[in-house]
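# Fold and geometry: a report
The residues making up each chain are set out below.
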Amino acid sequence: MAKLGRWIGGVLGFIVTGSPLGALAGYALGSLFEFDSDHGNTRFFEDNFQNNTGYSRYQYGYQPNNPYSSQRNDFLFSLLVLASYVIRADSKVMHSEMNLMRQWLRTNFGENSVAEGEQVMLKLFEQQKQMGLAEYRSVVMSSCMQIRQHMSYEQRLQLLNFLVLLAQADGVVVTAEINALRECTLHLGLSEADLGSMLNLQDAGTSLDAAYKVLGISPSASDSQVKAAYRKLALQHHPDKVSSLGEDVRRAAEKKFQEINAAKETIWKARGL
């Protein structure tokens, strides 16, 4: 049978026992393996659920000859944890948000990943209800600081980009979602300017105001300042910066890079550059 957890299992690099992410991994991934055992694979759970962490060093996703597999697993599980917080920031789980999550998983990781990722998300929602919003928020913010210590700036930008897309899924980003995004942004070691840029990406190809916000500059900036801002942003968001996370994540970064270029073209056209 197809085994669950193949892309979020394995050794999760910096997600270790006793850490905030380790605690969430133990709960969410452990239950995922139990779900697998309910479908006839009890030995997998008995043999590979070790040290109450929810994962095993050499199972599903960890490849000793692939130095990037653990980075990828770290990124994917971290994404699900932060997504679980942003999605329920307004105390609701919208169909549009979950559908975006399913679509993203399906497009980037294949059909089998949809059920796996959704199962983990549901367990994280359940954990949030059990802990209460305040305690869960504390764990997530601590997780953000843990992510900050071990992920590159560019990888954290890619995490933020996906969180913004989730918040925008239903067409309205409410105050509670903005606050959740801001909390995650700052605890991830990113800036308000990074968040403002991400929030305006979708409109930057048609709105001059949004395009300036993407580049993080004022409409009164000089042409040389505009060009410098674009070069800096393009370097930070270049898809090659996240290539170690896999071709699928790189493709998602390419879409973001195209939107940044659309912002550039909007401004260049308005200025006659």
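Residues numbered from 1 in each chain as written. Predicted model: local features only at pLDDT ≥ 70, side-chain atom pairs only at ≥ 80, totals over all residues. Heavy atoms only, no water.

- The name an unreviewed UniProt entry gives the protein is DnaJ domain protein, with Hallella bergensis DSM 17361 as the organism.

### Here we look at the packing of helix α7 (residues 153-167) against helix α9 (residues 192-199)
- Interhelical geometry of α7 versus α9 gives an angle of 45 degrees and a closest axis separation of 10 Å. The orientation of α7 relative to α9 falls into the category oblique. Read as a crossing pair, α7 and α9 show a hand that is right-handed. Between α7 and α9, the contacting residues are Y153, L157, L160, N161 and V164 on the first element and D194, L195, M198 and L199 on the second.
- Of the residues that constitute the contact of α7 with α9, the class distribution is seven nonpolar, one polar and one charged. (Axes fitted to C-alpha atoms, helices over the stretch in contact; angles between N-to-C directions. Helix = DSSP H or I, 4+ residues; strand = E, 2+ residues; numbered from the N terminus. Parallel < 35°, antiparallel > 145°, perpendicular 65-115°, else oblique. Left-handed = near helix turned anticlockwise from the far one by under 90°. Contact = heavy atoms within 4.5 Å. Nonpolar A, V, L, I, M, F, W, Y, C, P; charged D, E, K, R; others polar.)

### With respect to the pattern of salt bridges
- By the definition in use, this model includes 10 salt bridges.
- The salt bridge partner of R102 is E118, with a shortest N-O separation of 2.9 Å. Taken together, the residues span a long stretch of sequence, with R102 in helix α4 (residues 95-109) and E118 in helix α5 (residues 111-131) at a distance of 16 residues.
- Notably, a salt bridge pairs K123 with E126, separated by 3.2 Å at the nearest N-O pair. In this pair, K123 and E126 are both assigned in helix α5, three residues apart and thus about one turn of the helix distant. (Salt bridge = Lys/Arg side-chain N within 4 Å of Asp/Glu carboxyl O.)

### Remarks on the confidence of the model for the protein
- Averaged over all residues, the pLDDT of the protein equals 78, while 78% of them reach at least 70.
- Looking at the elements of the protein, mean pLDDT is at its lowest for helix α2 (residues 42-48), recorded as 32, and at its highest for helix α8 (residues 175-187), recorded as 94.
- The model gives residues 1-7 a pLDDT under 50, and that stretch makes 27 contacts with residues more than four places away or in other chains.
- Segment residues 35-68 is flagged for pLDDT under 50; beyond a separation of four residues in sequence, or across chains, it makes 74 contacts in the model. (pLDDT = per-residue confidence, 0-100.)

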